[in-house]
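These are the residues of each chain, in order.
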Amino acid sequence: MGKTIYLDNAATTKTAPEVVEAMLPYFTQYYGNPSSIYTAGAEAKKAVNHAREKIAQTLSAAPDEIYFTAGGSEADNWAIKATAESYASKGKHIITSTIEHHAVLHTCQYLEKHGFDVTYIEVDENGIVKLDALEAAIRPDTILISVMFANNEIGTIQPIKEIGEIAKKHGVLFHTDAVQAYGQLPIHVDEYHIDMLSASGHKLNGPKGIGFLYIRKGVKSRSFVHGGQQERGRRAGTENVPGIVGMAAAAERAYAQLKEKTKKESELREYLITRIEKEIPYCRLNGDRKRRLPNNVNFSFRFIEGESLLIMLDMKGICASSGSACTSGSLDPSHVLLAIGLPHEIAHGSLRLTVSEENTIEEMDDVVDAVKGIVERLREMSPLYEDFVKAEKKKS
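Residues numbered from 1 in each chain as written. Predicted model: local features only at pLDDT ≥ 70, side-chain atom pairs only at ≥ 80, totals over all residues. Heavy atoms only, no water.

J.: Tell me about the side chain of Gln180, and name the residues and values.
T.: Inspection of the secondary structure puts Gln180 in the loop between strand E6 (173-177) and strand E7 (196-200). In terms of polar contacts, Gln180 uses its side chain to reach the backbone carbonyl oxygen of Ala10, at 3.0 Å. With residues up to four places along the chain from it excluded, the contact list for Gln180 reads Ala10, Ala150, Asn151, Asn152, Lys203 and Leu293. (Helix = DSSP H or I, 4+ residues; strand = E, 2+ residues; numbered from the N terminus. Polar contact = N/O pair within 3.5 Å; in protein donor to acceptor, adjacent residues only side chain to side chain. Contact = heavy atoms within 4.5 Å.)

J.: Break down unusual backbone geometry for me, citing the residues and quoting the values.
T.: Even without being a glycine, His193 presents a positive backbone phi close to 55°. Positionally, His193 belongs in the loop between E6 and E7. Even without being glycine, Asn205 reaches a positive phi, approximately 65°. Mapped onto the elements of the fold, Asn205 is located in the loop between E7 and strand E8 (211-215).

J.: Could you give me a rundown of the packing of helix H4 (residues 72-86) against helix H5 (residues 102-112), with the residues and numbers involved?
T.: Viewed as axis vectors pointing N to C, H4 and H5 meet at an angle of 30°, and their least axial separation amounts to 9 Å. When the axes of H4 and H5 are compared, the pair comes out roughly parallel. Note on packing geometry: the crossing formed by H4 with H5 is right-handed. In this structure, H4 contributes Ser73, Asp76, Asn77, Ile80, Lys81 and Ala84 to the contact, and H5 contributes Ala103, Val104, Thr107, Cys108, Tyr110 and Leu111. (Axes fitted to C-alpha atoms, helices over the stretch in contact; angles between N-to-C directions. Parallel < 35°, antiparallel > 145°, perpendicular 65-115°, else oblique. Left-handed = near helix turned anticlockwise from the far one by under 90°.)

J.: Pulling in residues and values, what's your account of the sheet that holds E7?
T.: Here we have 7 strands laid out as an open sheet, ordered E2-E8-E7-E6-E5-E3-E4, and mixed in their pairing. Of all the strands in the sheet, the pair left with one neighbour each is strand E2 (66-69) and strand E4 (117-121). Averaged over neighbouring strand pairs, the angle between their axes works out to 20° when direction is ignored. Direction of pairing for strand E3 (residues 93-97) relative to strand E5 (residues 142-146): parallel, over a ladder of 4 bridges. The residue bridging Ile94 from the neighbouring strand is Leu144, located in E5. Lying on the sheet, helix H3 (residues 39-59) is in contact with E2, E7 and E8; it crosses E2 at an angle near 115°. Seen against the sheet, helix H7 (residues 160-169) touches E5 and E6 and runs at an angle of roughly 155° to E6. (Pairing = 2+ DSSP bridges.)

J.: I'd like a rundown of the sheet that holds strand E10 (residues 296-301), residues and numbers included.
T.: Spatial strand order, E9-E10-E12: 3 strands in an open sheet with antiparallel pairing. Taken across any chain shown, the strands that pair with only one partner, and hence form the sheet edges, are strand E9 (283-285) and strand E12 (350-354). Looking at each pair of strands side by side, their axes are set apart by 25° on average, direction ignored. As paired elements, E9 and E10 share 3 bridges and run antiparallel to each other.

J.: Before we move on, could you go through helix H10 (residues 306-315) and cite the residues and values that matter?
T.: Within H10, burial applies to Gly306, Leu309, Leu310, Met312 and Leu313. At its buried positions, H10 is contacted by E10, strand E11 (318-319), E12 and helix H13 (361-380). Following H10 by one or two positions, Gly317 has its phi on the positive side, about 85°. (Buried < 20%, exposed > 50% of the residue type's maximum accessible area, 1.4 Å probe, protein only.)

What follows is the structure in C-alpha cells.
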C-alpha cells in the first residue's frame, strides 16, 4: 500500500494544524508565568482564562468548574481520591463498573487497601452497565458512582443520563470518565446530572500532557497537588499554558464540526463492520451495535492471536490496536472483553480499529483486505482451526 493508514485514534490523535498554530505563541512570545504580575504573565493568564471559558461552554458548565490537569488519568485519580477523602466522614463505599479504564480501576483498588469498600457492577454482553444492579448496590454509606461515558475498547456508550438520575435520586456524587466521549459526543453536565467529568486533550486532536476535571460547584474536593495556589488552590504547579490553549482550540474545533465528523466517522465505521462481518467467518463484533462511539470498531477473530495480527498489519503500514493503549504491553486478555463474557481464547484474538474524519473508504477497503488475508494466513497455521474445520465437515 505504500502509505501509513492510522486507525488507532482511541489511543491518540494527530494534533490538528490549527491547534499547533494556536499554541505556538505561548512557547515563544507569551511565555510568562501566569502567576506573575507583569504584562507577559498577564497575557498568559488571560489565555488560560479564555481557554477555561471555551471548554466550559462545550459542557454547558461554568468556567470556574473547570480544573486543568496533566491528562485523563490524573483527572480520574483526582475525582476518586479527593472524593474519598473529602466525604469519608459520610461513608466509604464507592460504586464503579467492571469495564472502566485502569485509571479508575487501579485507583479504586488503591482505596480498597485504605479502608474503602468498592462494588464493581457487571455489564451485559454488549458492555452496558446493568442499571438495576447499580441502583441496588447503593447503600447509606455510598459516596460516589464512577462510570465511564463510553468505553475505550469496545466503544459502548453508557446510559449516562439514567445513571446520573439514579445518583441524584439517592444523593450520591456521580463521576464519569469522558476521555473517549469528549469531542465525539454532545455532553451537557446539568442534563446528565454529572458532578465530575474527566477529559484528555490528545484524544480530540489536541496536545498530549493536558486534560481537565470538571467539578460541579458545591462538590467538596480537597487539593490534589500541594505546593501553590494554581487552579484555585486545588492543583498546584505552573500551568501548562501552551497545552491549555491547545486543548481549548481542539475542543472548540471538535464541537464546531461535531455533526459532520460524526457522520463521516459513522459511515466509515459501518463500512468496516459490514465488510468484515460479510467476508471474514468466525468473527464477533464487540460492543453494542448502535450505542457505540462513531469511530469505534472492535472485532474478535477465533483461532488467531491479536498480537500476531497487529504485527502483520504494521508490516503493511496499518496502525491498529488490540485494546487499551495503556495495557498494550500486557499479554493478558482485555478485562473489558472478559467482562462481556468472552472466553480467554477468543478475547486474545481481538482487533480495535478507531477511525478519524481524515480516513477514506479506499483506506477501509485496503484495511479489510489486509485483515482478511492475515486472518486466513494465521488460521492456516493454527492446529485448533484445522481441528475445528474437520469437525465442521463431519457435521455436514
